[in-house]
Structures are given as C-alpha cells and as structure tokens.
Amino acid sequence: MGHRPYIVGNWKMNGTRNSLAEARAIDRVASKWPQVRVGIAPPHTLIHAMRDAVDSIDVGGQDCHSETDGAYTGDISAAMLKDAGASFAILGHSERRQYHGETNPQVKAKCEAALGAGLSVILCVGETEEQRDSGEAESTVSGQLTSCLPEIAVEEEGESVSARLAIAYEPIWAIGTGRVPSLDEIKAMHASIRAKLVDTFGENGNEVRILYGGSVKADNALEILSCDEVGGALVGGASLTNESFGAIIIAA
Ligand code: PEP
C-alpha cells in the first residue's frame, strides 16, 4: 500500500486537562518517528486544547451528528469538530452502537456528514463472538460495509475523497479483552474488506486504509501490522499513556 502505518488512539471517556501532559509526551515520540502517522481522539472537551498542545499528531473526535446544526441536545456536528481542531472522526464504534443504539443507516449518514465537512473518517466494523463462532464473521462485516459505506463522489475537484476514509476492523470480542484473532483471521478479514472496498469504489477502493483494532499492545503490534492489508491500528486502553502508546508507535 505504500502508506506509513497509521496508529490512532481512542481515549473514549477518559481524560481531563491534566492528561494533556500525556498527549505532549506521545507527541514527542511521534515527532521522533515520522515514518509512523499518529492520531488521538480524546473526549470532545479536550480536542481544542490538545490541538494546541501537540504538533506531530492528528487530533480527532469519537463521534459526530449527521446533521449540521439544530435541536440535538448533547450532540456535536462534524463542522463543530473541525472548528475545534479535529481532522478526523471515529464513527460507528461498537460502543456507540451498543450503548447509544446507533444503526448502520445512522452511521452511514454520519460518515457522509463528516466527509462533507472535510474531516477524515475512521469507520468501525466488527463481528460479535457468536458471529465468529458460527462462521459468519466475514459476511457480518461485509453486510455492515454494504450498509455503512458512504455514498461519495470518489473524486471531488481533483481531491480523492476515498483517501480520507479508513475502515477499522474491530472484532467486538477483542475490544478491551486482551484477546486477539489469529494472524490468519486478521489477514483473511482484511483481504475480504479490501475486496468489498474495490467492489464499491473501483480502483479508489485501494486508497482506503484498513486498520485493525482490538487489544493492540506494544508486544503484538508489529506482527499485526505486518499482515497484508493492515495499514495501522486503532488502540483503546493502551493509547492512554505515553508508556504504552509510545511503545506501540516505536514498535510500528
Ligand atoms: C477500541 O475500543 O477501539 C479498542 C481497540 O480498544 P482496546 O485497544 O482497549 O481493545
């Protein structure tokens, strides 16, 4: 793929202004390893301050609304994320789907809104343990992509919109559990996602980055990132401190 690996931290509902010291430390590691692209999605309350505090890392949001503005108490639009200093949004995370009842059509609308606002998008997909055990992992993920992939003009004024889209394959049973699929399972799923992307977007489907997420740590990052079609990692728990996230950046 020729891309430098993209290592993205999802801080979830963790972090206050005190945590900016940790982000600065991660930024210092990222500045020493320019061959790795690094991003952090902190809680919305920290986006602006983190953008000001770091130089070498992308700052993103963990969700956005599909509408541009209006009576949606507690929500935040893609343009607001951008205005706060975000360059990307993680959308359709399994925790949003589980705890906020987000559906595939909503996730698709959010992806379209974020791309339309000029953000990059990391669209999350992944199967449950039952679906994997019953041999339905690839069909589940393919079905999610059918329903969630944005309908975008792949070229806009010379800019390739598909290059602003990434897919994060996150098996739900691997998130925060310390369990990871085998490398063969990761390779097979990423190949299947690539085929689906090319089927949907034609040649531009090859520009869409595919990240693996689920219990990535410094000691398994390198072998996971070495798998065909794995263009980076989405990291939850291990992204919160420089000790663990910095070690993943260095391993990458
Ligand atoms: C995530 O929630 O996106 C994730 C990958 O979490 P963890 O790394 O903690 O498994």
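Because the structure is a prediction, the values reported are computed rather than measured.

Draft legend 1. Up close: the overall build of the protein chain. When you go through the protein chain residue by residue, the secondary structure sums to ten helices and ten strands. Overall, the protein chain is about 45 × 45 × 40 Å in size when its C-alpha atoms are taken along their principal axes. Counting all 252 residues of the protein chain, 46% fall into the buried class. Look at the contacts in the protein chain between residues 6 or more apart in sequence, and 73% of them connect residues 24 or more apart.

Draft legend 2. Main features of the sheet that holds strand β2 (residues 37-41). Read around the closed barrel, eight strands run β1-β2-β3-β4-β5-β8-β9-β10, paired in parallel fashion. The mean inter-strand angle of the sheet, taken between neighbouring strand axes irrespective of direction, is 25 degrees. For strand β4 (residues 88-91) and strand β5 (residues 120-125), the ladder comprises four bridges, and the chain directions are parallel. From the neighbouring strand, Ala89 faces β5, where its bridge partner is Val121. Packed on one face of the sheet, helix α2 (residues 44-53) meets β2 and β3 (57-61) and runs near 155 degrees to β3. Across the sheet, helix α5 (residues 104-116) touches β4, β5 and β8 (165-169), and the angle it forms with β4 is around 175 degrees.

Draft legend 3. Expanded view of the UniProt feature "active site" (unreviewed entry) in the protein chain. In this numbering, the UniProt entry assigns the feature "active site" (unreviewed entry) to His93 and Glu170. In summary, the annotated positions, though distributed over 78 residues, converge in three dimensions, the widest C-alpha pair being only 8.5 Å. For His93, a count of 27 C-beta atoms within 10 Å translates into the label buried. Among all residues touching His93, those that are not within four sequence positions of it are Gln62 and Cys124. Excluding residues within four positions of it along the chain, Glu170 makes contact with Ser94, Cys124, Gly126, Ile175, Gly213, Gly214 and Leu234.

Draft legend 4. Structural context of the UniProt feature "binding site: substrate" (unreviewed entry) in the protein chain. Here the UniProt-annotated "binding site: substrate" (unreviewed entry) positions come out as Asn10, Trp11, Lys12, Gly176, Ser215, Gly236 and Gly237. Spatial clustering of the annotated residues is evident: they stretch over 228 residues in sequence, but the largest pairwise C-alpha distance comes to 14.3 Å. Take Ser215: it is sitting in the loop between β9 (209-213) and α9 (218-225). Each residue touching Ser215, except ones within four places of it in the same chain, is listed here: Ala174, Thr177, Gly178, Arg179 and Val180. Within the secondary structure, Gly237 is located in the loop between β10 (232-235) and α10 (242-251). Taking the C-beta count within 10 Å as the criterion, Gly237 has 19 such neighbours and is therefore assigned partly exposed.

Draft legend 5. How the structure looks around the environment of Ala174. Along the chain, Ala174 turns up in the loop between β8 and α8 (183-201). For the pair Ala174 and Gly214, spaced 40 residues apart in sequence, the C-alpha to C-alpha distance is 4.7 Å.

Draft legend 6. Structural view of α5. With 13 residues, α5 should cover 18 Å at 1.5 Å per step; its first-to-last C-alpha distance of 18 Å lies within 8% of that length. What α5 keeps buried is the set Val107, Lys108, Lys110, Cys111, Ala113, Ala114 and Leu115. Of the surrounding elements, those touching the buried residues of α5 are α3 (78-84), β4, β5, α7 (137-148) and β8. Looking at the residues trailing α5, positive phi occurs at Gly118, about 95 degrees.

Draft legend 7. Looking closely at α7. If you check α7, its first and last C-alpha atoms are 16 Å apart, about what twelve residues at 1.5 Å a residue would give, namely 16 Å. Those residues of α7 that fall on the buried side of the exposure criterion are Ala137, Val141, Gln144 and Cys148. Along the axis of α7, the buried positions cluster into a sector of 55 degrees, meaning they face one direction only. Contacts made by the buried residues of α7 are with α5, β5, α6 (129-133), β8 and α8.

Draft legend 8. Unusual backbone geometry, seen in detail. The residue Ser215 is not glycine, and still its phi comes out positive at about 60 degrees. Of note in the backbone geometry, Glu229 takes a positive phi value of approximately 75 degrees without being a glycine. Among the secondary structure elements, Glu229 is positioned in the loop between α9 and β10. What makes Glu229 buried here is the crowd of 20 C-beta atoms within 10 Å.

Rules of the game
Residues numbered from 1 in each chain as written. Predicted model: local features only at pLDDT ≥ 70, side-chain atom pairs only at ≥ 80, totals over all residues. Helix = DSSP H or I, 4+ residues; strand = E, 2+ residues; numbered from the N terminus. Buried ≥ 20, exposed ≤ 12 C-beta atoms within 10 Å, placed from the backbone. Contact = placed C-beta atoms within 7 Å. Pairing = 2+ DSSP bridges. Axes fitted to C-alpha atoms, helices over the stretch in contact; angles between N-to-C directions. UniProt positions renumbered as here; feature names shortened; annotations may be inferred. Expected span 1.5 Å × (residues − 1). Arc of directions from axis to C-beta.

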